[in-house]
Amino acid sequence: MKLVRALLLPVVTTFAILSGLVGAPAHAGLSRVPTAAPASTASTGAAFEDQVMVEINAARARAGFKPVRFFDSCVERLATGWSRHIASTGVFAHRDQRQVLRKCHQSWAGENLIRGEGLTARAIVDAWLASPSHRAVLLKGRATRAGLAVVMDGQGRQVGVLNVADAR
């Protein structure tokens, strides 16, 4: 059995923003999170990310929470950009979640990171669920939108960024 090693890092940010302080909400594109993902042997890319989201929603259902229903194009773009940043710099750290709130016009945002080798979709979600702070992000009742990106770094490790949010 291959040893799965992962490094995790969670963060949650909540802000109440007065409507007069921020411009009109962005018209983010929304697409439905799949309820089932096709089997894939890939360890990165859209099919793998769909598998991770299916696992996240299964965990949410087991805990009595509604599924995260939508991929939000703005939140997805930020997750993708941050995963590429981590992969290229090697600096495993969170972005300031106020960027997600401000740029994507959200009222709450949470972020989970993971980096490791040989990670399956289930292993990623299980690792996050095993950590109280990551579990809190995954099982936040307010989480209705998501952005998720898993890329490979120069050392052959998967780098994953999950952003979950709730629109105003």
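Residues numbered from 1 in each chain as written. Predicted model: local features only at pLDDT ≥ 70, side-chain atom pairs only at ≥ 80, totals over all residues. Heavy atoms only, no water.

Caption draft 1: Region of the structure containing the overall build of the chain. Within the chain one finds five helices and six strands. Along the chain, from the amino end to the carboxyl end, the secondary structure elements read β-β-α-β-α-α-β-α-α-β-β. Looking at the chain residue by residue over its 168 residues, the buried ones come to 45%. A sequence separation of at least 24 residues applies to 73% of the contacts in the chain between residues at least 6 apart. Just so you have it, the chain exposes about 8400 Å², and 57% of that area is on carbon and sulfur atoms. (Helix = DSSP H or I, 4+ residues; strand = E, 2+ residues; numbered from the N terminus. Buried < 20%, exposed > 50% of the residue type's maximum accessible area, 1.4 Å probe, protein only. Contact = heavy atoms within 4.5 Å. Areas by Shrake-Rupley, 256 points an atom, 1.4 Å probe, with all protein chains shown as cover.)

Caption draft 2: Representation of the side chain of E111. Note on placement: E111 falls in strand β4 (residues 106-117). A polar contact of 2.9 Å, which involves the side chain of E111, links it to the side chain of R95. (Polar contact = N/O pair within 3.5 Å; in protein donor to acceptor, adjacent residues only side chain to side chain.)

Caption draft 3: Broad picture of helix α2 (residues 73-89). For α2, with 17 residues, the first-to-last C-alpha span of 24 Å sits near the 24 Å given by 1.5 Å per residue. For α2, the full list of buried residues reads C74, V75, L78, A79, T80, W82, S83, I86 and A87. Against β3 (70-72), α3 (98-104), β4, β5 (145-152) and β6 (158-167) lie the buried residues of α2. The backbone nitrogen of C74 has a side-chain oxygen 2.9 Å away, supplied by the residue at the start of α2, namely D72. (Expected span 1.5 Å × (residues − 1).)

Caption draft 4: Layout of the state of the cysteines. Taken as a whole and assessed by the stated rule, the structure comprises one disulfide. The side chain of C74 participates in a disulfide bridge whose partner is C104; the two sulfur atoms lie 2.0 Å from each other. The chirality of the disulfide connecting C74 with C104 is left-handed, given an S-S dihedral of about -80°. Placement of the pair is C74 in helix α2 and C104 in helix α3, with a sequence separation of 30 residues. With respect to class, C74 is no different from C104; both count as buried. (Disulfide = S-S within 2.5 Å.)

Worth remembering: the numbers are spatial, not functional.
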